[in-house]
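Single-letter residue listing:
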Amino acid sequence: MQRSGAQARKASLAESVLAAISELMSSAATVDAEQEHFMDVGSQIHHAPVTMELEKAQNSPAGTTHIVEYLAANVDLAKDLVARCSAIAQQLMDDDLLGITEDLDNVIKNISNELSRLPASAFVSSRFPDAAVSGHLQVLRNRQDLYDQPSCDGYSEIELSMVVSNDRPRRRALHNSDMPRLVDFLQGMFQESHEFGGQSFTSLPEVAEYVEPLYDSFFCPLTNKVMVDPVTTESGVTYDRRAIEDYFDKFTDTSGPVICPVTKMAMQSRTLRSNVPLKSTIAEWIMRNEATRVRIARTALSLATTEAMVLEAIHELKVLARLRRKNRDQMHKIGITKFLARLLDHKDSLIRCDSLDLLCLLVEDDTGMEIIAKTRAVSRTIKLLSSGSPDERHAAISFLVELSKSDLLLENIGSTAGSILILTTMKFNGSDDPIAADKAGEVLKNLERCPKNIKYMAESGYLDPLQRHLVEGSEDVQMEMVSYLGELVQKQEMTINIAGSASEILIKMVRSGNTAIRKAALDVLVQISSHHPNGRTLVDAGAVPVMVEELFIRKIDEEPMRSKMEAAAAVLANIVESGLDPEAIVVNKEGHVITSKYSIYNFAHMLKCSMPDNLNLSILRVLLALTVHAKPLATVVSVMKEQDSCQTVIELMGSLTEALGIAATRLLIALSPQMGHTMAEKLCKAAGQPGRLVKNIGQPGRITERHAVSATLLARLPYQHIALNLALLNQGVVPTVVSKIEEMQRGGMRASRHAKAYMEGLVGALVRLTTTLYDQDVLLAAMDHNFTSVLTDLLVRSAGSDEVQRLAAVGLENLSNQSATLSQPPTEEPRPKRKNILRRLRDAHAGRVHDNRRPPAHSRVCPVHRGVCSPVTTFCLVEAGAVEGLLGALESNENARVVEAALGALCTLMDDAVDAVGGVAVLAEHDAARHVLRALRQHRDGGGGAAVARRCFWAVERFLAHGGERCVREVTGDRALPSLLVSAFHNGDAATKQAAESVLRCLHRMPDYSATYESVEL
């Protein structure tokens, strides 16, 4: 019964293997990618007639059952590989597809190996002759011998000792004892086999040693280890040379004969003869053993079902790879290197780390590098550089170090997305991981051997290699580096800190290179000079004279002049704007500096509307940077007047190129204090001006720099230039400015960093018109748009700008100076008839109440201007409510200029042109004396204190001369006032001293020399 059960089991296994092979063939036929190769693999199974006889194996020995079980496992693995490839054939990469193909090929080889182990008696069949069966088995055995063919060339005694130093070495397992182990699976091939005697194994090397057994003659009798250098003694026993020599040394101190440790016979001679045949046999066994171990480990990787199995197989392969190169070559041939590249995507970090360690060994030769180059190992390794595990990072960077030693993979590493950026970050963050930082630096150093990688490094912000090769490289390399830099500055804005030696190379290329190199070098210098710290380096390297020569002197045939001149001018502008002392920037061999009249004359002479916009822009930038310093400013003004360049700048102000228009406007603003009247006249005569300025101010949308500089220019030109004011008035500047001010106060315009300057320019443009109110057109415009109310509102809603408050106070002062002239006495109207009682009752019922005792509004007399006033027609500050705003500016603002302007507006209510008594009375109602005295104390020592003190002293003198008792008492009660007056009288200028003296006379602290004395008779 037991025998029949075993036979049934064998038959069932045979049928399942046949069915699986048939299914495997049908699946392989459906694979599109690599179809021919898969069909070849399938034919290896299909053309094995031995498999057709497995159903007759019922009478075979018991070991055949286990061989068939192993065959079934291999066929199942092949089915899985084909199914995987069939399912995702369209998405597979070439290296993945080839890897699966190789795995399938290896499985077929395993099947062939096991078939060769079946005895011929297992295939007895009447349908096939014995010769056919025996022949096929011989083919399979020959194929096995082909894989097992050893070679002992190149093996030294040291290499042999690495293998045979231990007797059947054992090591601790790499996995938990609870988990199924790979060796447990592999020993299923041999369990219950009478042929193998039920041998059990604990490690993969033991499996290999059982397949390739050790012979007793391999072991030294003294050490019980495989011999490295077998030698034979006089007694005919073979020992390991080192062991027997150590044994002989024990007899040096005695005169007796040496005893053979095995035969126990005395030996007369210590002569040792090398046992060459045995040594060769051991070497051959070692090679066969290692080759078998490699194949078993490869099979283990394919059959592994747990992480521990994979780890044990990798560990075995690492041991073998370290022994000798031939083992590594075999690993390449049977696909282990490519398989490991796929393991870098494994979910287990230990497997990834061990795979990287093994790959480091396998890429020590060119063959390994070539295999890795055809896989995605590089990109997978780059990804692992960002791992949170230090061990994994170190393994990945170590593998990259090995890969970067090969020129074959340099460009591949550098071009992988994120590789350079990750490596540079790792290099410069050395404090976080010093080991990884050192190795990252080594990888980057190796990558520099490929010029394209230097470009990739520069794109990632690592410019040191590029600069080093620019300085130290050959002429061809230097040109290539300049080309790379030129491409970089064209593609992206980047800050480049350049060394002096690199600057000298670039300047040399500008002077002596061909057209393409000159252009690239100039482009790079433009970008380098835009980083202001490089300015000093470029000046020291002699860049300025070369750029001046390129701009004004040098001309090369068949070279576009304008682009070269634009670049040279841009470099000069960047250097001048870098903050260096312009007096120290020499432009030629004659010693002229850039601030000399010679230099500025050449710059101004080149400024023409016909020149390219970029060139004009750079020249304007140079001139504008020079106006920051007093001495160059005077030279620029002188040259501009001589050459009449102001007209050209005004024309450039209207350029469609926004940057050029802004630069021209800013230069006019800088020159306006010295050339304001000339500019105003030119502006009135220029075509389209000043209408374009007004149009720029009124452009809708977000506030831009062009808005701001256009408004600022109008606010900086001389206020009292009547021709310009009338021209602006004709271009509709008043409604434009007023509407924009109201829009900004409502928050209707989108804010920007230019909003403050824009608002100040708008208010300045409005205030400039208040200086020419003597013109009827200007006066009517001020009345129509209620300038008084607009400026009063700006005192309170100044958008946080002191300049807006100051300008509003100045404008109110100008308007108030016109109030006395514009104010008219009230007109006499006939007194209305008294209403009878019935009419009064009707009016009361209708809500109309009339007080006969109160005069109508149009007939009320202003206490200050002694006439009928209003904010619109007479610009009266009292009627407009501006007094409260002006006193608020005194109270809250610490800016001396704002306080001075507010005091100036308030003083217009107390001067001789108005009713001073009434004006003081109005101000006294608002407690003005206290505010004035506080301003005097607050600004006695600060900047602008003299102007504030004069205004305050004048106001105090008016309070004392025309104020009531309460006002006088408040002034005289201030304890700080006397000391302030005395200090101003002693230390102030003439005007301040005179104002202080007037107050001291009012306080009777000084004699009044203007008083009239009566003669006294004695």
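Now for a look at the structure at hand.

Conventions used here
- Residues numbered from 1 in each chain as written.
- Predicted model: local features only at pLDDT ≥ 70, side-chain atom pairs only at ≥ 80, totals over all residues.
- Heavy atoms only, no water.
- Helix = DSSP H or I, 4+ residues; strand = E, 2+ residues; numbered from the N terminus.
- Buried < 20%, exposed > 50% of the residue type's maximum accessible area, 1.4 Å probe, protein only.
- Contact = heavy atoms within 4.5 Å.
- Axes fitted to C-alpha atoms, helices over the stretch in contact; angles between N-to-C directions.
- Left-handed = near helix turned anticlockwise from the far one by under 90°.
- Nonpolar A, V, L, I, M, F, W, Y, C, P; charged D, E, K, R; others polar.
- Salt bridge = Lys/Arg side-chain N within 4 Å of Asp/Glu carboxyl O.
- Pairing = 2+ DSSP bridges.
- Phe/Tyr/Trp six-rings, centres within 6.5 Å; stacked < 30°, edge-to-face > 60°.
- Lys NZ or Arg CZ within 6 Å of the ring centre and 35° of its normal.

Some remarks on the environment of Gln 745
Along the chain, Gln 745 turns up in helix H37 (residues 733-746). Take Gln 745: its relative accessible area is 21%, and that puts it in the partly exposed class. Residues Gln 745 and Asp 793, 48 residues apart in the sequence, show an inter-C-alpha distance of 9.8 Å. Setting aside residues up to four positions removed in sequence, Gln 745 forms contacts with Met 759, Asp 793, Leu 794 and Arg 797.

Looking at the packing of helix H10 (residues 276-303) against helix H12 (residues 325-333)
Put simply, H10 and H12 touch, their axes get as near as 10 Å, and they point 35° apart. Along this stretch, H10 crosses H12, giving a crossing that reads as right-handed. Contacts between H10 and H12 involve Glu 290, Ala 291, Val 294 and Arg 295 from the first element and Asn 327, Gln 330 and Met 331 from the second. Of the residues belonging to the contact of H10 with H12, the class tally is three nonpolar, two polar and two charged.

Considering the pattern of salt bridges
Once their charged atoms are close, side chains differing in charge can pair, the charge on each being opposite to the other. Enumeration over the complete set of coordinates arrives at 33 salt bridges. With a shortest N-O distance of 2.3 Å, Glu 392 and Arg 352 are connected by a salt bridge. One end of the pair, Glu 392, is in helix H17 (residues 390-403); the other, Arg 352, is in helix H14 (residues 349-362), with 40 residues separating them in the sequence. Take Glu 392 and Arg 352: they sit in the same class, and that class is buried. Put simply, Asp 523 and Lys 519 hold a salt bridge, and the shortest N to O gap is 3.0 Å.

A word on the sheet that holds strand S1 (residues 230-232)
If you walk across this open sheet you meet the three strands as S2-S1-S5, and the pairing is antiparallel. Looking at the sheet topology across the chains shown, the edges are occupied by strand S2 (238-240) and strand S5 (273-274). By the bridge criterion, two bridges tie S1 to S5 in an arrangement that is antiparallel. Residue pairing across strands places Val 231 opposite Ser 274, the latter belonging to S5.

Regarding the packing of aromatic side chains
If you walk through the whole model with that rule in mind, you get five aromatic pairs. Three or more aromatic residues joined by ring pairs make a cluster, and in this case those are Tyr 215, Phe 218 and Trp 285. Here Arg 298 stacks its cationic end above the ring of Phe 339, 4.8 Å away from the centre of that ring. Over the face of the ring belonging to Phe 428 we find Lys 427, whose NZ or CZ atom lies 5.7 Å from the ring centre.

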